[in-house]
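Geometric and topological summary
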Amino acid sequence: MTSYDIYLIAPQLAIAGIGLIVIVFDLFFRRSKLLPVIAFVGLLVPIGLTLIQLKDLTASDSSGLVIQSSVFHGSLMVDRFSLFFNFLILIVTGLVILSSNDYLSRMDRNRAEYFGLILLSATGMLVLVGATELITIYIALELTTLPLIALSSMLFTAKSTEAGMKFLVIGALSSAVMLYGMTLIFGFTGSTTLSGISDALALAHNSDIPFGSYAVLVGMLLLIVGFGFKLSAVPYQMWVPDVYEGAPTPVVTFLSVASKSAAFALVLRVLCSGFIDLQLEWTILIACLAAASMTVGNLAALVQNNIKRLLGYSTIAHAGYILVGIAAIGGESSSSLFSHMGPSSVLFYLVAYAAANLTAFFSIIAIGHNINSDRIDDYSGMFHRSPLIALALVLSLIALIGVPPTGVFMAKIHIFASAVDNHLTWLAVIGVVNSVVSVYYYVRVIRVMFLSQTENRPRIRMSWAPSIALASTSFMTLLIGVLPGFILNIAEDAVRVLPNIGSW
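Observations regarding the nonpolar core
- In this structure, Tyr-114, Phe-275, Trp-282 and Ile-326 are the most contacted members of the largest nonpolar core, which totals 174 residues.
- For this core, the element with the most residues is helix α15 (residues 341-371), which contributes 20 residues.
- Setting aside its immediate chain neighbours within four residues, Ile-326 contacts Phe-264, Val-267, Leu-268, Leu-271, Trp-282, Ile-286 and Val-346.

Quick word on the side chain of Arg-269
- With respect to the helices, strands and loops of the structure, Arg-269 is situated in helix α12 (residues 249-274).
- Arg-269 sits in the buried class, given a relative accessible area of 3%.
- A polar contact of 3.2 Å, which involves the side chain of Arg-269, links it to the backbone oxygen of Val-129.

Observations regarding the pattern of salt bridges
- In total, this model carries eight salt bridges according to the counting rule given.
- Across the pair Lys-159 and Glu-245 runs a salt bridge whose closest N-O atoms are separated by 2.9 Å. With Lys-159 in helix α8 (residues 158-189) and Glu-245 in helix α11 (residues 240-246), the pair connects residues that are 86 residues apart, well separated along the chain.
- Between Lys-166 and Glu-162 there is a salt bridge, and its shortest N-O distance comes to 2.9 Å. Pair noted here: Lys-166 and Glu-162 are both in helix α8, with a separation of four residues, about one helical turn.

Examining the packing of aromatic side chains
- Under the criterion given, the structure shown has 11 aromatic pairs.
- On the basis of an interplanar angle of 75° and a centroid distance of 5.1 Å, the ring pair of Tyr-114 and Phe-115 is categorised as edge-to-face.
- For Tyr-114, a relative accessible area of 1% corresponds to the buried category.
- Taken together through their ring pairs, the aromatic side chains of Phe-81, Phe-84 and Phe-85 make up a single cluster.

Focus: the packing of helix α13 (residues 279-301) against helix α19 (residues 425-451)
- Following both chains from N to C, one finds α13 and α19 inclined at 15°, their axes separated by 9 Å at the closest point. The pairing of α13 with α19 is recorded here as roughly parallel in orientation. Taken as a pair, α13 and α19 cross one another with a handedness that is left-handed. Note on element contacts: α19 touches α13 through Trp-426, Leu-427, Ile-430, Gly-431, Asn-434, Val-437, Ser-438 and Tyr-441, opposite Ala-287, Ala-290, Ala-291, Met-294, Thr-295, Asn-298, Leu-299 and Ala-301.
- Tallied by class, the residues present in the contact of α13 with α19 amount to 11 nonpolar, five polar and no charged.

Details of the environment of Ile-91
- Tracing the backbone through its elements, the reader meets Ile-91 in helix α5 (residues 80-99).
- When the C-alpha atoms of Ile-91 and Ser-380 are compared, they prove to be 32 Å apart, with 289 residues separating the residues in sequence.

Side note on the packing of helix α3 (residues 35-42) against α5
- The interhelical angle for the contact between α3 and α5, taken along N-to-C directions, is 165°, at an axis separation of 9 Å. Between α3 and α5, the crossing angle belongs to the class labelled roughly antiparallel. Crossing of α3 over α5 shows left-handed handedness. Between α3, through Pro-36, Ala-39 and Phe-40, and α5, the contact on the second element is made entirely by Gly-94, Ile-97 and Leu-98.
- For the contact of α3 with α5, the residue count by class is five nonpolar, one polar and no charged.

The rules behind the values
- Each chain carries its own residue numbering, running from 1 in the written order of its sequence.
- Under the rules for a predicted model, residues below a pLDDT of 70 receive no local features and side-chain atom pairs below 80 are neither given nor counted, while totals for whole chains, interfaces and linings still include all residues.
- The basis for the side-chain values is all heavy atoms of the structure; hydrogens and waters are excluded.
- The definition of a nonpolar core used throughout is a set of buried Ala, Val, Leu, Ile, Met, Phe, Trp, Tyr and Cys residues joined through side-chain atoms within 4.5 Å.
- Working definition: with a 1.4 Å probe on protein chains only, accessible area under 20% of the residue-type maximum means buried, over 50% means exposed, and in between means partly exposed.
- Counting from the N terminus, the helices are the DSSP runs of H or I reaching at least four residues and the strands are the DSSP runs of E reaching at least two.
- Two residues form a contact once any of their heavy atoms are found within 4.5 Å.
- Counting of polar contacts relies on pairs of N or O atoms within 3.5 Å, with two restrictions inside protein: one atom must be capable of donating a hydrogen and the other of accepting it, and residues adjacent in sequence are counted only when both atoms are side-chain atoms.
- Throughout this description, the term salt bridge denotes a Lys or Arg side-chain nitrogen within 4 Å of a carboxyl oxygen of Asp or Glu.
- In this scheme Phe, Tyr and Trp rings, the latter by its six-membered ring, pair at centre separations within 6.5 Å, and the angle between planes marks the pair as stacked below 30 degrees, edge-to-face above 60, and tilted otherwise.
- Axis geometry follows a simple rule: fit a line to the C-alpha atoms, using only the stretch in contact for helices, then measure angles between N-to-C directions, giving values from 0 to 180 degrees.
- Roughly parallel here means an angle under 35 degrees, roughly antiparallel means over 145, roughly perpendicular means 65 to 115, and every remaining angle is called oblique.
- Note on convention: near helix rotated counterclockwise from far helix by under a right angle means a left-handed crossing. Clockwise means right-handed.
- Lys, Arg, Asp and Glu make up the charged group, whereas Ala, Val, Leu, Ile, Met, Phe, Trp, Tyr, Cys and Pro make up the nonpolar group; the residues left over, Gly among them, are polar.

Below, the structure is given as structure tokens:
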């Protein structure tokens, strides 16, 4: 390993080091109030290192070339695509740390472990978004998931323990199935790198057999099982509602945004770099997963009385919307205005969804901490108790529906337009119908907060740190909808480095 290799993985090393520093600091000094400060301020180091890498890439490709660097013999790639997700994950991690300030009174004895595990999970995500080799992908997935499993049970209540156990068992099963799929693909192609797999499939592809080979067919199906678990896509979503209900709300927030973003980055890179020659086959498979996820997620959310379970099913539905954009990558484009928007619309949607979903969960963290309940009926009269928090929650729910001028509205336009252009009109129609269905359960929460009667109850209070996090995400939810061009341009630059997309 050279010094340049260390430079390329410096953001991952930095955030892992910060996680360990937080834990060691607590062992020696026992000043729990300083832990969130160390964790949050420490994130400036990996963010700064990522900025330096982006500056180097920008200077390198000023001639028009797409520059990227690999580490460990092509196992990890540092390019605009991975740096895009580095920034997204690091920003989300920082905001979640800010939002946790009040909530952590419930787990005062385990604050160091809480921040340390979040930072270690984020380390796995930073590795995952740049991974270009199957073994690296598997290790990064486990580094991402195992800390989240421990965090899910950290309240040590019956529901929290149940959430952790279900997450552990189902996660272990999906990982084992995915690993077996990887071995089948390695056995057929003789390579664990995505580029090597792509070259082998291009030479050995048999159009008479689905996916060119029965071994690749089974391997891809097993890979989809593992990826589907990480994406919370139907039919691999059974863990979501129970984990969302039982786990600490800041952990659910981190899981629903950062983990999902990293998982979609992985799927995009794997499909575009390793299996682009099989795009006609996996397009149909991804489209079916998208349709099922949108439909099941929205229908199940209609009958929920717990707001965290409701947002859990909402997460499943939004995974379906994002999968529409991935399915559009493999379609046959009509070469119109939106012909290149499939992959970049996925990145744009993830940013818009992150802003809206973080706003929703930050509001729920504040309200739930004060009223000690997550039942929707207990949100009655919330507008009179805390107008600003209630308005922030309303803004996030309107954004998740896809109402202008919010970011998710613009993201859905690009996702569905890309699907129509790539001859997946039926999938776009299902997405629009599901967006209409989602209005019912989102508006139900709004109605309870504004119209339901309530007795005189104390106001909802937030400290300065969660308030800053909530204000920031609320502002971004509106800004992305009003001025989407900046994020869209960055997203288009990021996906150009993926094979077979840069020429679109």
